[in-house]
Amino acid sequence: MPQDERQRSKSRASTSRAVARPPARAKVPLRKLLKVASVAGGIQFGWALQLSLLTPYVQELGIPHAWASIIWLCGPVSGLFVQPLVGHFSDRCTSRFGRRRPFIVGGAISIAVAVLLIGHSADIGWLLGDRGDFRPRAIAVFVFGFWILDVANNMTQGPCRALLADLTGKDHRRTRVANAYFSLFMAVGNILGYATGSFSGWFKILPFTLTSACNVDCANLKSAFFLDVIFIVITTCISTSAAHEVPLGSRDQSAPFSEEGHEQSSDVHEAFLWELFGTFRYFSGTIWIILIVTALTWLGWFPFLLFDTDWMGREIYGGEPNEGQNYATGVRMGALGLMLNSVVLGITSVLMEKLCRKWGAGFIWGISNILMALCFLAMLILYYVAIHMDYRGHDLPPNGIVIAALIIFTILGGPLAITYSVPYALVSIRTESLGLGQGLSLGVLNLAIVIPQIVVSMGSGPWDQLFGGGNSPAFAVGGISALAGGLIAILAIPRSSAQKPRALP
């Protein structure tokens, strides 16, 4: 009898554990992950316009080239504080609309306000009394809108990536696929944004944008930002309507949009901004390597992203802002090159999962950084060839020079796709054991991105001026950083074991 009782007791305990065990978490369909990631297209549309047109435009307002990079300082500074804070609060948000979606919608509205301010900065400056080539009031409005735009970009992108990480949970492969989707829509946004920036006839389609204070180039910029507002509204609606988040505190752990065990990790392990640095001591060596490679990668990328179209207008077309048409033509050609760059970015994003599964994410990241360094070296060689030709200052560059520059811009799309995807996936996978929420874990990675950007923003202009102006000195430093990051990624980031391909439901 005692033996029978023990067996019955074990049976009851087993049944009790089976009842207490929460049901298996349903997987989110890939088509929904695709819809959620679509907001990246709207965000990147405006970011593409910002990257391709705003450095030349602020010089047309009267800011010297040596100080143009200082304007971009607001981006990394706001990212240093905004993204960790937004990640912290979104991890704890108890809104009935979910944790991430309120921040995504708020950021999208802020982006729309910011681009309208930037687009109308010349008109507002004119109303406040600006006249002549130097327009301080327009510059003040521009900088104010620029700061809002960078804060809004950081406010939106972090929660969107965190939302994708929430939906994929601990499925590492789906996490990589979700980040590849995000990178794909960034490519779509880049293509549309750079194509919009390269078109010189928007002022004819929207003639009301041409005013006494706003010339043709300004009117084209303003028109492009009107299109950006429409695009960000559409993609935000698609993304937020696809992700039906379960509000924080819900006990329905079987719902596909809830995060397992989040209540415990939120209350116990996540840190606020001033506690964030204390979590560094818990990082493994691999996480530190990922952060170092990320910092070196962005030390390479940011000079290019900051001065790409300016390089085309100055070094290749030999123009200067507000002096003839060569500079403006070069800027538009640079935007065309960035559009081609985005096509390659999109193709690479589609192939990302297969590449990482076959060769390992760290190895792919390292090879992409080495390719980036070679492209920067090619840009320096091309500039050296251009300055020894006799067209500069009085004629357009030969077709061969322009085609070579466009090819370099295009090839760089592959490494850029890796940068937009692989580091985020690696950090999401490796920080979950620390108990950090996905919002804050991506905020940690953001620190490795914005600190190099601060260095480049403060130093690239004076550094270039030290060597006689132009953008080549900053590109040389970027190439060295990219090469170093690539070698470290190949040698120090562990390669995951090969996985057999399987269909994702």
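Report on the accompanying structure. None of the values given here were measured: they were computed from a predicted structure. (Residues numbered from 1 in each chain as written. Predicted model: local features only at pLDDT ≥ 70, side-chain atom pairs only at ≥ 80, totals over all residues. Heavy atoms only, no water.)

### Overview of helix α8 (residues 136-168)
Our working definition: Where helices and strands are cited, they refer to DSSP runs of H or I of at least four residues and of E of at least two residues respectively, numbered from the N terminus. A helix is expected to span 1.5 Å multiplied by its residue count minus one. Any residue under 20% of the maximum accessible area for its type is buried, any over 50% is exposed, and the rest in between are partly exposed; the area is computed with a 1.4 Å probe on protein chains only.
For α8, spanning 33 residues, the distance from its first C-alpha to its last is 48 Å, which sits close to the expected 48 Å at 1.5 Å a residue. The buried fraction of α8 is high, at 24 of 33 residues. Two residues or fewer after α8 comes Gly169, characterised by a positive phi angle close to 60 degrees.

### Considerations on the state of the cysteines
In plain terms, the rule: To count as a disulfide, a pair of cysteine sulfur atoms needs to be within 2.5 Å.
For the structure shown, the criterion picks out one disulfide. Sulfur-sulfur distance for the disulfide between Cys214 and Cys218 comes to 2.0 Å. Taking the torsion about the sulfur-sulfur bond, which here is approximately -100 degrees, the covalent link between Cys214 and Cys218 counts as left-handed. For Cys218, a relative accessible area of 3% translates into the label buried.

### Structural notes on the environment of Met312
Stated precisely, the cut-off is as follows: Two residues qualify as a contact provided that any one of their heavy atoms is within 4.5 Å of a heavy atom in the partner residue.
Here Met312 is to be found in helix α14 (residues 285-316). For Met312, a relative accessible area of 0% corresponds to the buried category. In the structure, Met312 is positioned 90 residues away from Val402 in sequence and 8.7 Å away in space, judged by C-alpha atoms. With near-sequence residues (within four places) excluded, Met312 lies in contact with Tyr317, Gly330, Met333, Gly334, Ala405, Leu406 and Phe409.

### Section: empty space enclosed by the protein
Counted only if it meets this: For cavity detection a 1 Å grid was placed over the protein atoms alone, and a set of points counts as a cavity when a 1.4 Å probe fits there but cannot get out; an open set counts as a pocket when protein lies on both sides within 12 Å along at least five of seven lines, with lining residues being those that have an atom within 4 Å of a point. Grid points are joined across faces, edges and corners, and a volume is the space filled by probe spheres set on the points. Here the nonpolar group is Ala, Val, Leu, Ile, Met, Phe, Trp, Tyr, Cys and Pro; Asp, Glu, Lys and Arg are the charged ones; every other residue, Gly included, is treated as polar.
The full count for this structure, using the stated rule, is six cavities of 30 Å³ or more. Its boundaries defined by the atoms lining it, the largest cavity holds a volume of some 390 Å³. Taken together, 22 residues line the largest cavity, and the ones lying closest to its centre are Trp47, Asn154, Gln157, Asn446 and Gln453. The residue makeup of the lining of the largest cavity, split by class, is ten nonpolar, ten polar and two charged. In this structure, the second largest cavity spans a volume of roughly 210 Å³. If you trace the second largest cavity, you find 15 residues lining it, with Leu53, Glu60, Asp217, Val331 and Arg332 closest to the centre. Residue contributions to the lining of the second largest cavity peak at four residues, all from helix α3 (residues 39-60). Looking at side-chain class alone, the lining of the second largest cavity contains eight nonpolar, four polar and three charged residues.

### Brief notes about the packing of aromatic side chains
Under the convention used in this document: Between 30 and 60 degrees the pair is tilted, below 30 it is stacked and above 60 it is edge-to-face, where a pair is any two Phe, Tyr or Trp rings, Trp via its six-membered ring, whose centres lie within 6.5 Å.
Summed over all chains, the structure comprises 15 aromatic pairs. Here the aromatic rings of Phe199 and Trp202 are separated by 5.0 Å at their centres, their planes lie at 85 degrees, and the arrangement is edge-to-face. Given the relative accessible area of 38%, Phe199 is considered partly exposed. What makes Trp202 buried here is its relative accessible area of 16%.

### Describing helix α6 (residues 101-119)
End to end, α6 covers 27 Å across 19 residues, agreeing with the expected 27 Å (1.5 Å per residue, within 8%). Within α6 the residues assigned to the buried category are Arg101, Phe103, Ile104, Gly107, Ala108, Ile111, Ala112, Ala114, Val115, Ile118 and Gly119.

### Some thoughts on the nonpolar core
What counts, and what does not: Think of a nonpolar core as a cluster: buried Ala, Val, Leu, Ile, Met, Phe, Trp, Tyr and Cys residues, connected wherever their side-chain atoms sit within 4.5 Å.
Residues Phe142, Trp301, Phe304 and Trp311 are the most contacted members of the largest nonpolar core, which totals 120 residues. For this core, the element with the highest residue contribution is α14, accounting for 14 residues. Leave out the neighbours within four places in its chain, and Phe142 touches Leu54, Tyr57, Val58, Leu61, Ile71, Ile118 and Ser121. The next biggest cluster of nonpolar side chains, apart from the first, holds five residues, and it includes Leu73, Leu80, Leu447 and Ile454.

### Focus: the environment of Gly189
Inspection of the secondary structure assignment puts Gly189 in helix α9 (residues 172-198). Along the backbone, Gly189 and Ile43 are 146 residues apart, and their C-alpha atoms lie at a distance of 7.3 Å. With sequence-adjacent residues up to four places away left out, Gly189 is seen in contact with Gly41, Gln44, Phe45, Ala48 and Phe231.

### Considering the side chain of Arg100
Quick reminder of the rule: Under this definition, polar contacts are N or O atom pairs within 3.5 Å; protein pairs additionally need one hydrogen-donor-capable and one acceptor-capable atom, and for neighbouring residues in sequence, both atoms have to be side-chain atoms.
Of note, Arg100 is situated in the loop between α5 (74-92) and α6. Polar contacts involving the side chain of Arg100 include one to the side chain of Asp166, which spans 2.7 Å.

### Observations regarding the packing of helix α15 (residues 326-359) against helix α17 (residues 399-411)
Rules: Axis lines are fitted through C-alpha atoms, for helices just across the contact stretch, and the angle between N-to-C directions can take any value from 0 to 180 degrees. Each angle gets one of four labels, with under 35 degrees taken as roughly parallel, over 145 as roughly antiparallel, 65 to 115 as roughly perpendicular, and the rest as oblique. Each crossing gets its hand from how the near helix is turned against the far one by less than a right angle, where anticlockwise is left-handed and clockwise is right-handed.
For the pair α15 and α17, interaxial distance at closest approach is 7 Å and the crossing angle is 40 degrees. It follows from the interaxial angle that α15 and α17 lie oblique. In the packing of α15 onto α17, the handedness of the crossing is right-handed. For the pair α15 and α17, the contacting residues are Met333, Gly334, Gly337, Leu338, Leu340, Asn341 and Val344 in the first and Val402, Leu406, Phe409 and Thr410 in the second. Residues that form the contact of α15 with α17 fall into these classes: seven nonpolar, four polar and no charged.

### Re the packing of α6 against helix α11 (residues 216-242)
Between α6 and α11, the least distance of the axes is 9 Å, while the angle of their chain directions is 170 degrees. As summarised for this structure, α6 and α11 are arranged roughly antiparallel, according to the angle between their axes. Between α6 and α11, the contacting residues are Arg101, Ile104, Val105, Ala108, Ile111, Ala112, Val115, Leu116, Ile118 and Gly119 on the first element and Cys218, Lys222, Phe225, Phe226, Asp228, Val229, Ile232, Thr236 and Thr240 on the second. Of the residues in the contact of α6 with α11, the class split is 13 nonpolar, three polar and three charged.

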